[in-house]
Amino acid sequence: MRKDSRHDSTTMVTTPSASTNPPLDINTNLDESRDDITDSSRSEHASSSEDGGLDVDSQSEAPSDERGYSFDNLVDRLLRLPRSKADTRFGSVFLALYRKFAAPGQLLEAIVHRFEALEKENCPFMTKTVSQLRYLSVIEQWIGTYPGDFAHTKTRRRMRIFVAKLSNTRIFSAAAREMSCDLDVVTEDDDTNWACCDMDREKRGLLSPDLGWSSRVSTLLDDPEFDFSDNLGSLSLDGGQGRNAAHSLHTDFGMLQTVDAARRQGPSLVPVPKIPISKMHWHMLMETPTDHIACELTRIDWIMFSAVRPRDLVRHVSLSQTQKAQCKSIVHVSRMIDHFNHIRDWVANFILLREKAKHRVLMLEKLMHVARKLREMNNYNSLGAFLAGISSAAVHRLAATRELVSPETGKDWMKLEILMSPTRSYSAYRLAWENSSGERIPFLPLPIRDLVAAEEGNKTFVGDEVNGRINWRKFEVMGETVVGIQKAQGLPYRNSMLGPRNDELRALILNSNMIRDDEVSSSEIKVFADTRLTESSRLFMTVAVLSNLPTTEGGCEISSDAHRRRHSPLIFFLASLSGVGHIF
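In this text, all values refer to a predicted model and were calculated from it rather than measured experimentally.

Conventions used here
- Residues numbered from 1 in each chain as written.
- Predicted model: local features only at pLDDT ≥ 70, side-chain atom pairs only at ≥ 80, totals over all residues.
- Heavy atoms only, no water.
- Helix = DSSP H or I, 4+ residues; strand = E, 2+ residues; numbered from the N terminus.
- Buried < 20%, exposed > 50% of the residue type's maximum accessible area, 1.4 Å probe, protein only.
- Polar contact = N/O pair within 3.5 Å; in protein donor to acceptor, adjacent residues only side chain to side chain.
- Contact = heavy atoms within 4.5 Å.
- Phe/Tyr/Trp six-rings, centres within 6.5 Å; stacked < 30°, edge-to-face > 60°.
- Lys NZ or Arg CZ within 6 Å of the ring centre and 35° of its normal.
- Axes fitted to C-alpha atoms, helices over the stretch in contact; angles between N-to-C directions.
- Parallel < 35°, antiparallel > 145°, perpendicular 65-115°, else oblique.
- Left-handed = near helix turned anticlockwise from the far one by under 90°.
- Nonpolar A, V, L, I, M, F, W, Y, C, P; charged D, E, K, R; others polar.
- Salt bridge = Lys/Arg side-chain N within 4 Å of Asp/Glu carboxyl O.
- Patch = residues over 30% accessible without salt bridge, like charges linked within 9 Å, V, L, I, M, F, W, Y side chains within 5 Å.
- Areas by Shrake-Rupley, 256 points an atom, 1.4 Å probe, with all protein chains shown as cover.
- Expected span 1.5 Å × (residues − 1).
- Arc of directions from axis to C-beta.
- pLDDT = per-residue confidence, 0-100.

Participant: Teacher, can you tell me more about the side chain of Gln 132 here?
Facilitator: Residue position: Gln 132 is located in helix 6 (residues 125-145). Residue Gln 132 is classed as buried on the basis of its relative accessible area, which comes to 3%. Polar side-chain contacts of Gln 132 include one of 3.2 Å to the backbone oxygen of Phe 115. In contact with Gln 132, not counting residues within four places along its chain, are Phe 115, Leu 118, Glu 119 and Phe 172.

Quick look at the structure:
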């Protein structure tokens, strides 16, 4: 028997503060690929709630994707025993995205309310206890994965009261110790005041222990007379950083340690262009084994990817620029995007460094072989950057160089192009990603695109925000991306797989001073604006910039008739614009 008193009242209706966007259709392929989840969710929500769940819509229309779901419908499914693969994923998706329509305190009240209601049900003790332990495991997963949700002062106090009272019951004491360890490392972060937060609820008076404000106030959460000195023992309200020995075995805490370590290393991986690339660097890269290059790129990508949490990507696509500036964790997403663009330019620059086709093809084939190794290591992000660099306009126009590529290498490269082709919403890549069971790094532009499509193409609520129901279909689509990222981050690359760190190669990758796409455009504008050059010289210089051919102030050098024929349409087109009638 629990010796703590309980209090039940009527249902409270809160108003989530979530912004909506004009409705647009999500990509058809995304919808088709997730039909199995939708069907499962329809069947689950149509059934009656179990394990003491509160079905507030039992007298109204049954929830569905078209009608939407109430918050209580979703909490019931979160706490229900999973019956399908979709239900197994539901918990991770809900905990990652619920902040778009509910605050942490609201979810905590709903879970504790159901926890307490179970005790009053007339059912077998073992059945009741198993359900309550399942509820506690959900809370433990929540605190361990998103500790920032509990950083608000009142929310943390309420959680500590709940944990302290649980510890008085022997069967719940082990779960209480685990949650206590998680609460010890709770600190304020970007999650704390993001979207629907307890700070806003406090301003509206919804976190007050006054029973007139909240129907779900319980002495398990709100007990003004509770004495921590008598009940908490070693626990405290200061949110100190003391760590219990049990943390070493806690999976979520281990994941947080990995994230923190990656975020500390992240700034050292920001490219610093201070070394102009030369033939010496070209030879150095050619002499470096293909495996070593792929491993070092994967090591860098993995550190950056580990620093990005799913909610960071959600904030990246949903917040305004002003709001992004206030989020410290957004920098990790931006850093990985910048790194992708850096690798793309790095690949193109090393191919274009040499002037002769026979030299360019050596580097082109070298980097194609590196791309194949990246594919074997499931590093789809760097693989996408290599494809972008080799497919860029500056490299793609090198027909003479491509003609020298060996048939075997060219055929293998074509397979990689098919794999990463954007046709049918990247269907080939999506299939390969789902079938990659080992270590893997996603092609970052695609998760961002999927989140943008779901966020901007669908409203958060079906109907108005006050009386509307939650459009869970939107969050199922976003959840596919969230679950994929979480699974990938849960299986890190082994040191034995990546080998020892190569500082010289890392410096060559990160410290190379290169010509970028925006600089090419600026150079082109500068050439046309230079009044010291004649019309013919300006034209030749512009073609040289676009074609990356050797230049002189008086004109450009075209090494063969084949080059002249290949570039002549562009040159004559520019000549017609500049009024130059004769070039050769």
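Having put the structure on the table, let's press on.
Participant: Just to check I follow, could you spell out the packing of aromatic side chains for this structure?
Facilitator: Each aromatic ring pair is described using two quantities: the centre-to-centre distance and the angle formed by the ring planes. With the rule as written, the count across this model stands at 22 aromatic pairs. Aromatic side chains Tyr 380 and Tyr 429 sit 5.2 Å apart centroid to centroid with 80° between the ring planes, which places their arrangement in the edge-to-face category. Here Tyr 429 lies in helix 22 (residues 423-434) and Tyr 380 lies in helix 18 (residues 380-390), a separation of 49 residues in the sequence. Of the two residues examined, Tyr 380 and Tyr 429, each falls in the buried class. One aromatic cluster is present, formed by Phe 71, Phe 90, Phe 94, Tyr 98, Phe 101, Trp 142, Phe 150, Trp 472 and Phe 475 through successive ring pairs. Note that Arg 311 overlies the ring of Tyr 146, its terminal NZ or CZ placed 3.9 Å from the centroid. Of note, Arg 315 hangs over the ring of Trp 194, and the distance from its end group to the ring centre comes to 5.1 Å.

Participant: Just checking my understanding: could you explain the packing of helix 5 (residues 104-119) against helix 6 for this structure?
Facilitator: A pair of packed helices can be characterised by two numbers: the angle between their axes and the separation between those axes. Two elements in contact, helix 5 and helix 6, have axes whose closest approach is 9 Å; the angle formed by their N-to-C orientations is 165°. Put simply, helix 5 runs roughly antiparallel to helix 6. With respect to the hand of their crossing, helix 5 and helix 6 are arranged in left-handed fashion. Within the contact between the two elements, helix 5 uses Pro 104, Leu 107, Leu 108, Ile 111, Arg 114, Phe 115, Leu 118 and Glu 119 and helix 6 uses Lys 128, Ser 131, Gln 132, Tyr 135, Leu 136, Val 138, Ile 139 and Trp 142. Each residue belonging to the contact of helix 5 with helix 6 can be placed in one class, and the counts come to 11 nonpolar, two polar and three charged.

Participant: What should I look at first to understand the pattern of salt bridges in this one?
Facilitator: Side chains bearing opposite charge may pair, as long as their charged atoms lie close to each other. Scanning the model with the defined rule gives 26 salt bridges in all. Salt-bridge contacts for Arg 77 lead to Asp 87; the nearest nitrogen and oxygen are separated by 2.7 Å. With Arg 77 in helix 3 (residues 71-79) and Asp 87 in helix 4 (residues 85-97), this pair connects stretches of sequence that are 10 residues apart. A residue is classified by how much of its surface remains accessible, and Asp 87, at 8% relative accessible area, is buried.

Participant: Explain unusual backbone geometry to me, please; I cannot follow it from the model alone.
Facilitator: Phi is mostly negative for residues that are not glycine, and the peptide bonds are mostly trans. With a phi angle near 60°, Asn 378 is a residue other than glycine that sits in the positive phi range. Looking at where Asn 378 falls in the secondary structure, it is placed in the loop between helix 17 (357-376) and helix 18. In this structure Asn 378 comes out as buried when scored by relative accessible area, which is 12%. Residues other than glycine seldom take positive phi values, yet Ser 425 does so here, at roughly 55°.

Participant: How should a nonpolar patch on the surface be read in this particular structure?
Facilitator: Taken together, the side chains of Phe 125, Leu 133 and Ile 171 make up a nonpolar region of the molecular surface, amounting to roughly 290 Å² of accessible area. By the element assignment, Ile 171 lies in the loop between helix 7 (153-166) and helix 8 (173-184).

Participant: I keep staring at helix 21 (residues 407-419) and nothing clicks. Help me out?
Facilitator: Here helix 21 contains 13 residues, and its C-alpha end-to-end distance of 19 Å stays within 8% of the 18 Å for a straight helix at 1.5 Å per residue. Along helix 21, the residues that are buried comprise Thr 409, Trp 413, Leu 416 and Leu 419. One side of helix 21 holds all its buried residues, which, seen down the axis, span an arc of 110°. Turned more than 90 degrees off the buried face of helix 21, the exposed positions are Pro 407, Lys 411, Met 414 and Ile 418. Close packing links the buried residues of helix 21 with helix 17, helix 18 and helix 22.

Participant: Mind showing me how you'd approach the packing of helix 13 (residues 290-306) against helix 26 (residues 503-510) here?
Facilitator: As a packed pair, helix 13 and helix 26 sit with axes 10 Å apart at the nearest point and diverge in direction by 70°. When the axis of helix 13 is compared with that of helix 26, the two are roughly perpendicular. By crossing handedness, the relation of helix 13 to helix 26 is classed as right-handed. Across the interface between the two elements, His 292, Ile 293, Glu 296, Leu 297, Arg 299 and Ile 300 of helix 13 pack against Leu 505, Arg 506, Ile 509 and Leu 510 of helix 26. Class assignment for the residues of the contact of helix 13 with helix 26 results in six nonpolar, one polar and three charged.

Participant: I'm lost on the confidence of the model for the chain in this one. Help?
Facilitator: For residues with low pLDDT, the predicted coordinates do not support detailed interpretation. Across the chain, the average pLDDT comes to 78, with 71% of residues at 70 or higher. Counting contacts from residues 209-216, a segment whose pLDDT is below 50, to residues more than four positions away or on other chains yields 23 contacts. Taken as a whole, residues 232-253 scores under 50 in pLDDT and shows 38 contacts with residues more than four places along the chain or in a different chain.

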